[in-house]
Amino acid sequence: METSKLRKRTPANTLLDLAIVAPAIGQAFAKLNPRTLMKNPVMFVLEIVTALTTVLLVRDIVNGSASVAFELQIVIWLWFTVLFANFAEAVAEGRGKAQADTLRKTRTETRAKRMVMPGNTEVYEGVLADDLQAGDLVVCEPGDIIPGDGEVIEGIASVNEAAITGESAPVIRESGGDRSAVTGGTTVISDRIIVRIMSSPGTSFLDRMIKLVEGAERQKTPNEIALNILLVGLTIIFVFATATIPSYAAYAGGTISVVVLVALFVTLIPTTIGALLSAIGIAGMDRLVRFNVLAMSGRAVEAAGDVDTLLLDKTGTVTFGNRLATEIVPVSGVSEREAAEAALLASDADETAEGRSIITLVQEKYGVQRQPAPAGAAFIEFSAMTRLSGVDIGSRKLRKGAIDSVLRFTREQAGAATPEPPGFRATVDRIARSGGTPLALADGGRILGVIHLKDVVKPDVKERFAELRRMGIKTVMITGDNPVTAATIASEAGVDDFIAEATPEDKLRYIRDEQAQGRLIAMCGDGTNDAPALAQADVGVAMQSGTQAAREAGNMVDLDSSPTKLIEVVEIGKQLLMTRGALTTFSIANDVAKYFAIIPAMFVAFYPQLQVLNVMGLSTPQSAILSAIIFNALIIIALIPLALKGVKYRPIGAAALLRRNLLVYGAGGLVLPFIGIKLIDLVVAALHLA
Amino acid sequence: MTAIGWLQIVLFCAIIVAITPVLGAYMTRVFNGERTWLTPVLRPVEALLYRTAGIDEARQQHWLTYTVAMLLFHVGGFVVLYALLRLQAVLPFNPAGQSAVAPDLAFNTAASFITNTNWQNYGGESTMSYLVQMLGLTHQNFLSAATGIVLAVALIRGFARASANTIGNFWVDVTRCTLYVLLPICIPYALLLVWLGMPQTLGAYVDATTLEGAKQTIAVGPVASQVAIKMLGTNGGGFFNANAAHPFENPTAFSNFLQIISIFAIGAALTNVFGRMVGNQRQGWALLAAMGVLFLAGVAVTYWAEASGTSTLHALGLTGGNMEGKEVRFGIVASALFAVITTAASCGAVNAMHDSFTALGGMIPMINMQLGEIIVGGVGAGLYGMLLFVVVTVFVAGLMVGRTPEYVGKKIEAKEVKMAMLAILILPLMYLGWSAVAVVYPPAVASMANAGPHGFSEVLYAYTSQTANNGSAFAGLTGNTPYYNFTGAMAMLVGRFWMIVPAMAIAGALAQKKTVAASGGTFPTTGGLFVGLLVGVILIVGGLTFLPALALGPIAEHLAMQAGTLF
């Protein structure tokens, strides 16, 4: 399967890309606006306490307090913490904006040829694409950019969709059928079509795509909302934990300065995940876009991570889509070579994939060389009526085709009912039973043998499905084949289940049944008759090459129109959730070390014995507090690349995945800050900062 | 520490593990409304009760109806108990001639008994008439225990049911719980306690002449019947002031062992009920394992701390462990074990003075309560408290497997997280908050028996115990003042009901959800990994919040003691 080396339209920008980092720094300051920051409760709380501490600092400067230098440093690092969080979000947005700008160039210049009188395709007026309303009819001629999303109602044209898909090979768009949808921003290369515009200004596919990659329309996903609630809850708990300390200290005969309390509070609240949460979401969406998939909502991306069952089309996903010849079985009395030569001649002018595969097979397996077609050879093309093809060379009439058609042909040639050669029927049955397609091969009234055409399963799909199974995802193959053929391919490819002779209703029913059992289903589709199933599925990926109806029914659009994309979509969904979980765990686990840094520092003045709790051996109380605050700020910057790139997804099953991530982010989150704070303390002490 | 001591601890654990599936199976049948071996006897009584009260037992309730029914039931219970306390002087069964209980103490006591706390700012034998002990206190011991159990069952139903709007019928659940679970155990249990030497009489206090010729009044009463439910229902309110340290309330080492078994029995069995109802007993065992890990860690520390004694005592030539405040008939291990069990579960009965424990030995009971009484916990309350932590754990770590977190087939989403956090955050607000006020409020400070960190621990312990609905006292603190009576009652009421209402909201939300089929991609919640994770989240989210307070209380005291300073 080619999915492992999927072409990415836009390479992932490196973090150090100056074009993104420079504006992001500016953005980080702009985002200090409390109204913007309010959307992120943890960071909003952080900004409030930071502002409060700044006021206290000013007061202390005016009063000339002794600890001004220490307080100043704390305040500076608190502001850095807020700025780093804003910066993380700005970088994530910046990467999306870079993509959006390219897209936007396509849109702005477009002019449309709007028809003035219905029925008269020759009279049109030039208008700006932005002024088009849904229902307008426009004429598109070679070289024109199609001004908006719509449907071809007249004509057929080849269209270059590179602006949307990145794929420069033109595609055919024609009225009626499953290829009638056109997308604004794509270019007509040949012929003339009339398009009915379907989208209102500002809501076209391109517009949505721009907003999506920019993050402008980003709404919090269900999981993100729940996570935010958790973070707010933890923040409130830590308000209680810190706000009660001054009273306890007063009882013990000590005092704690507000700056120190703020420092403890800020290090305890989950600033790390709070700072990176929106960057993770934006980056997840961005990753999907780079895989050439557009999700209509973040909710859909999360649902992809939850998928239990994948409905996969056989053709293109499981198999190559064309049946290929794998053997030629001669009947008794006919040599293998004779049959092979006849097959070669009969297929000489056959340009279908099957025909070409027969030629390849004959040459490679039977060593027969292809000769130039004999003079006077008259080729008989395949037709749906006759269901056979071949060649007439003089009086010799070679045919290959469906069994009953060829048998009818031999009867006609022989002029009488001839008995089938012995073993012929057995071979035909064997091939059919194995899921292959038998073709009969005849020379006039004489049957020579059977060609075995087979649906060839793509290499390494089996491993891929096994991987999915380990992740608990069931794969279901959908095919129009009969149950026997379907079962053979299903077992060869290692899918868990199949639907043979599948109609759109079958798919819909299957989805509903699975959902009733509490499973989440993903599928992809392109035809109008797929639309109900796409809408019913929890994740419906519509092909960009499909109809408008399908594209509207699904909640994602695959610009490459590759049915295997579904697997990547699931992985990206999982990665998004994993990244959030990993950083949340990391953030919470960090608290242990921070407690051990700050608590002894706070209380040692009146209970000197609590110095024992200073397990890191931090040099002074002030240095301990400052080091914890600095660590808390720097860890945000350090984790930005991880937030943007995402935690690596491994198909090893949930239990193994959890063990691994817990070890890295849970245990790592416990240990790392002990080391980090100690190192920072050494630097702080060396520089005599506190 | 001795081998025989550890053997007692191991034996205790083994018996609890053995009881769990048996009692769990029985209780599952009771709450599923299935036939049990007691049905032939009890069914007529049960049916008669429903008929008298006009309850339609087939009618299922929405979570809100269920919760409102529960709250109304408690308002009624509160009013009756308060009235009994205030009017006891004019009511019968008062051979000792106890006078009316003061309003603030009556308020505190009523709040204490309806919330399954059984915090006692009074001495039982010197304050309460037999009528109050039986009709008021023992009665609430049954009902508050039954309430806790049925709320846990309702929450379990939320997990177990799919696409349902209802979580059971409160009246039916409470009736069945009392009739089929609590009474059938308590009646033989009380008789056994009588056989072990516990009084059970309505007769007056006995006057005796001591060897020196002094006259002594020996308090007796209907003790055994109250002690049985006090232990089984994790209530903990003693008939006597000295609670389970009193020879009439805990005569022998055997009665002591029996009592600690009965504290954990129902709480542990409920984990099995959970497993059975959600269709996988291993889910229940995982919860019990997490509780077990925390429990054993606590026992080990307290036993070690008490058995090691203190350097100050050693310096005086007193070798061995710390026996101050302990009964010689129990010794160190039975006292340490009792202290950890009574605070792990929300019982609160004590057989030794926690105030006299070493600083670290006394810190463990405090931590047990601060974690929210989820280590087996109060009957029912322990399980729903634990499930709240499970919701948080599954949500935090569940994302790490790349799926929307789910637990026993239910997706954990915004609503569940919101309710779980709401319930969890009320604990620190109550005990940290009230303690913070008390330690700087001079009249409250005056109640402390000791200065410095030890006095601080007394106050922290008091509010912790009341908020967590434990009811054990560190002692030392003079709690019967209007200030402590009132604030303590607030802590008990908020600590109980602020947990319950969100837990029930979760039950309702979960019941409505579809049950998701488990697969290889599902976050595993039965193995050791999950148990470890749950313990970690409980300690970090639930425990770290108290580190500053603990540092200023027992930790500072312990370190000072090592340096030779005592408080």
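Conventions and cut-offs
- Residues numbered from 1 in each chain as written.
- Chains lettered and ligands numbered in written order.
- Predicted model: local features only at pLDDT ≥ 70, side-chain atom pairs only at ≥ 80, totals over all residues.
- Heavy atoms only, no water.
- Pairing = 2+ DSSP bridges.
- Helix = DSSP H or I, 4+ residues; strand = E, 2+ residues; numbered from the N terminus.
- Axes fitted to C-alpha atoms, helices over the stretch in contact; angles between N-to-C directions.
- Buried < 20%, exposed > 50% of the residue type's maximum accessible area, 1.4 Å probe, protein only.
- Contact = heavy atoms within 4.5 Å.
- Phe/Tyr/Trp six-rings, centres within 6.5 Å; stacked < 30°, edge-to-face > 60°.
- Lys NZ or Arg CZ within 6 Å of the ring centre and 35° of its normal.
- Disulfide = S-S within 2.5 Å.
- Buried area = accessible area lost by both parts, 1.4 Å probe.
- Salt bridge = Lys/Arg side-chain N within 4 Å of Asp/Glu carboxyl O.
- Polar contact = N/O pair within 3.5 Å; in protein donor to acceptor, adjacent residues only side chain to side chain.
- Nonpolar A, V, L, I, M, F, W, Y, C, P; charged D, E, K, R; others polar.
- Left-handed = near helix turned anticlockwise from the far one by under 90°.

(A) Structural detail: the sheet that holds strand 6 (residues 171-174) of chain A. Residue and element names in this part refer to chain A. As summarised here, the arrangement of the three strands in space is 6-5-8, forming an open sheet in which the pairing is antiparallel. Two strands in the sheet have a free side with no partner beyond their single neighbour: strand 6 and strand 8 (187-190). Within this sheet the neighbouring strands show an average axis-to-axis angle of 50°, counted without direction. With three bridges connecting them, strand 5 (residues 156-160) and strand 8 associate as antiparallel partners. Looking at the pairing, S158 lines up with S190 of strand 8.

(B) Quick peek at the environment of V138(A). Residues and elements named next belong to chain A. As for its placement among the helices and strands, V138 is situated in strand 3 (residues 137-140). Since its relative accessible area comes to 0%, V138 is described here as buried. Between the C-alpha atom of V138 and that of G126, which follows or precedes it by 12 residues, the distance is 9.6 Å. With near-sequence residues (within four places) excluded, V138 lies in contact with A112, K113, R114, M115, L132, P147, I193, I194, V195 and I197.

(C) Summary view of the packing of aromatic side chains. Residue and element names in this part refer to chain B. Applying the stated criterion to the full structure yields 32 aromatic pairs over all chains. Ring centres of F12 and F264 lie 5.5 Å apart, and the angle between their planes is 50°; this geometry places the pair in the tilted category. Residue F12 is found in helix 1 (residues 3-31), and its partner F264 is found in helix 9 (residues 253-277); the two are separated by 252 residues along the sequence. Take F12 and F264: they sit in the same class, and that class is buried. Residues W434 and Y463 carry aromatic rings whose centres are separated by 6.4 Å and whose planes lie at 20° to one another, so their mutual orientation is stacked. In this pair, W434 sits in helix 15 (residues 414-438) while Y463 sits in helix 17 (residues 452-467), placing the two residues 29 residues apart along the sequence. Chaining the aromatic ring pairs together yields one cluster made of F159, F274, Y407, F523 and F530. Its end group placed over the ring of Y180, R176 keeps NZ or CZ at 4.5 Å from the ring centre. For the cation-ring pair, K326 lies above F357, with the distance from its terminal atom to the ring centre recorded as 4.3 Å.

(D) The environment of Y130(B), seen in detail. All names here are of chain B. As for its placement among the helices and strands, Y130 is situated in helix 6 (residues 130-160). A residue is classified by how much of its surface remains accessible, and Y130, at 2% relative accessible area, is buried. As for Y130 and S112, which are separated by 18 residues in sequence, their C-alpha atoms are 18 Å apart. If sequence neighbours within four positions are ignored, Y130 has contacts with F93, P95, T201, L202, G203, A204, Y205, V220, G221, P222 and F239.

(E) Quick peek at unusual backbone geometry. Of note in the backbone geometry, D191(A) takes a positive phi value of approximately 70° without being a glycine. By the element assignment, D191(A) lies in the loop between strand 8 and strand 9 (193-197). A relative accessible area of 44% places D191(A) in the partly exposed class. Of note in the backbone geometry, N243(B) takes a positive phi value of approximately 55° without being a glycine. Along the polypeptide, N243(B) turns up in the loop between helix 8 (223-232) and helix 9.

(F) Fine view of the pairing of strand 20 (residues 521-525) of chain A. All names here are of chain A. Within strand 20, five of the five residues are buried, leaving the element largely enclosed by the surrounding structure. Of the two faces of strand 20, the one carrying I521, M523 and G525 and the one carrying A522 and C524 are both buried. Bridging between strand 11 (residues 309-313) and strand 20 involves three bridges; their strand directions are parallel. Bridge pairing in strand 20 links L310 to A522.

(G) Geometry of the state of the cysteines. All names here are of chain B. Summed over all chains, the structure comprises zero disulfides over all chains. Counting only cysteine sulfurs, C186 is the nearest neighbor of C177, a cysteine outside any disulfide, at a range of 10 Å. Here C177 falls in the buried class, since its relative accessible area comes to 0%.

(H) Geometry of the interface of chain B and chain A. Between chain B and chain A, the contact holds 62 residues from the first and 61 residues from the second. Summing both sides of the interface, chain B and chain A together bury roughly 5,000 Å²; the carbon and sulfur share of this comes to 77%. Our count for the contact surface shared by chain B and chain A stands at two salt bridges. Residue D306(A) pairs with K411(B) through a salt bridge whose shortest N-O separation is 3.9 Å. Inspection of the region where chain B meets chain A yields 14 residue pairs in polar contact (both at pLDDT 80 or more). A total of 14 residues in the side of chain B that touches chain A trace back to one element, the largest contributor, which is helix 15 of chain B. Taken together, the residues that form the side of chain B that touches chain A break down as 44 nonpolar, 13 polar and five charged.

(I) The arrangement of the packing of helix 14 (residues 381-398) of chain B against helix 18 (residues 482-512) of chain B in detail. All names here are of chain B. It is the contact of helix 14 with helix 18, at a shortest axis distance of 11 Å, that shows an interaxial angle of 65°. Handedness of the crossing formed by helix 14 with helix 18: left-handed. Counted together, A381, Y384, G385 and L388 of helix 14 and R496, M499, I500, A503 and I506 of helix 18 form the full contact between these two elements. The class makeup of the residues in the contact of helix 14 with helix 18 is seven nonpolar, one polar and one charged.

(J) Structural detail: the sheet that holds strand 11 of chain A. All names here are of chain A. With mixed pairing, seven strands are arranged side by side in an open sheet as 10-22-21-20-11-18-19. The strands lining the two open edges of the sheet, one partner per strand, are strand 10 (293-295) and strand 19 (497-499). Adjacent strand axes in the sheet meet at a mean angle of 20°, parallel and antiparallel pairs treated alike. The pairing of strand 21 (residues 539-543) with strand 22 (residues 556-558) spans three bridges and is classified as parallel. Residue A542 lies in a different strand from strand 22, and its bridge partner there is V557.

(K) Just the environment of D131(A), in detail. Topologically, D131(A) is positioned in the loop between strand 2 (124-128) and strand 3. Along the primary structure D131(A) and P147(A) are separated by 16 residues, whereas in three dimensions their C-alpha atoms are 9.9 Å apart.

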